[in-house]
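Listed below are the residues making up each chain.
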Amino acid sequence: MLESYEQHHVADVLCLELFTMNPDDEHFDAKVTMLIENVTHHVQEEEDEWLPTVREGADDTH
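Residues numbered from 1 in each chain as written. Predicted model: local features only at pLDDT ≥ 70, side-chain atom pairs only at ≥ 80, totals over all residues. Heavy atoms only, no water.

### Observations concerning a negative patch on the surface
So, step 1. On the surface, a cluster of negative charge is contributed by E3, E46, E47, D48 and E49.
So, step 2. Ranked by residue count, the leading element in the negative patch is helix 2 (residues 28–60), at 4 residues.
So, step 3. Its place among the elements puts E3 in helix 1 (residues 2–20). (Patch = residues over 30% accessible without salt bridge, like charges linked within 9 Å, V, L, I, M, F, W, Y side chains within 5 Å. Areas by Shrake-Rupley, 256 points an atom, 1.4 Å probe, with all protein chains shown as cover. Salt bridge = Lys/Arg side-chain N within 4 Å of Asp/Glu carboxyl O. Lys, Arg positive; Asp, Glu negative; His and termini not counted. Charge placed at Lys NZ, Arg CZ, Asp CG, Glu CD. Helix = DSSP H or I, 4+ residues; strand = E, 2+ residues; numbered from the N terminus.)

Given below as structure tokens:
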């Protein structure tokens, strides 16, 4: 759970940094790439680990 929290935090920080940057900044593309990779990894973890657990729990309640 803490890893998930930290992944959200990193995405938030990157979004705030990107919002204040000029797209011509030499770090802009690298930050966008890191944001994409971070979010893609996070979504994959949720789909592979978290959602199946939630589905199992939902099946148990019926």
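Next comes the rest of the description.
### Regarding helix 1
So, step 1. In this model helix 1 runs 27 Å from its N-terminal to its C-terminal C-alpha over 19 residues, within 8% of the 27 Å that 1.5 Å per residue would give.
So, step 2. Within helix 1, the full set of buried residues consists of Q7, A11, L14 and L18. The buried residues of helix 1 occupy one face: seen down the axis, they fall within an arc of 65°. Exposed and oriented more than 90 degrees from the buried face of helix 1 are L2, Y5, L16, F19 and T20.
So, step 3. The inward-facing, buried residues of helix 1 contact helix 2. (Expected span 1.5 Å × (residues − 1). Buried < 20%, exposed > 50% of the residue type's maximum accessible area, 1.4 Å probe, protein only. Arc of directions from axis to C-beta. Contact = heavy atoms within 4.5 Å.)

### Points about the pattern of salt bridges
So, step 1. Taken as a whole, this structure holds 1 salt bridge when the rule is applied.
So, step 2. For E17, the salt bridge goes to K31, with nearest N and O atoms at 2.5 Å. One end of the pair, E17, is in helix 1; the other, K31, is in helix 2, with 14 residues separating them in the sequence.
So, step 3. Exposure remark for E17: the relative accessible area of 29% places this residue in the partly exposed category.

### Considerations on the layout of surface pockets
So, step 1. Computed from the structure, the largest pocket encloses a volume of approximately 250 Å³.
So, step 2. Along the walls of the largest pocket sit M1, E3, S4, Q7, H42, E45, E46, E49 and W50, which together make up its complete lining.
So, step 3. Counting only elements with at least two residues in the lining of the largest pocket, the list comes to helix 1 and helix 2.
So, step 4. Its residues placed into classes, the lining of the largest pocket shows 2 nonpolar, 3 polar and 4 charged. (1 Å grid on protein atoms, 1.4 Å probe; cavity = no way out; pocket = protein on both sides within 12 Å on 5 of 7 lines; lining within 4 Å. Points joined across faces, edges and corners; volume = space filled by probe spheres on them. Nonpolar A, V, L, I, M, F, W, Y, C, P; charged D, E, K, R; others polar.)

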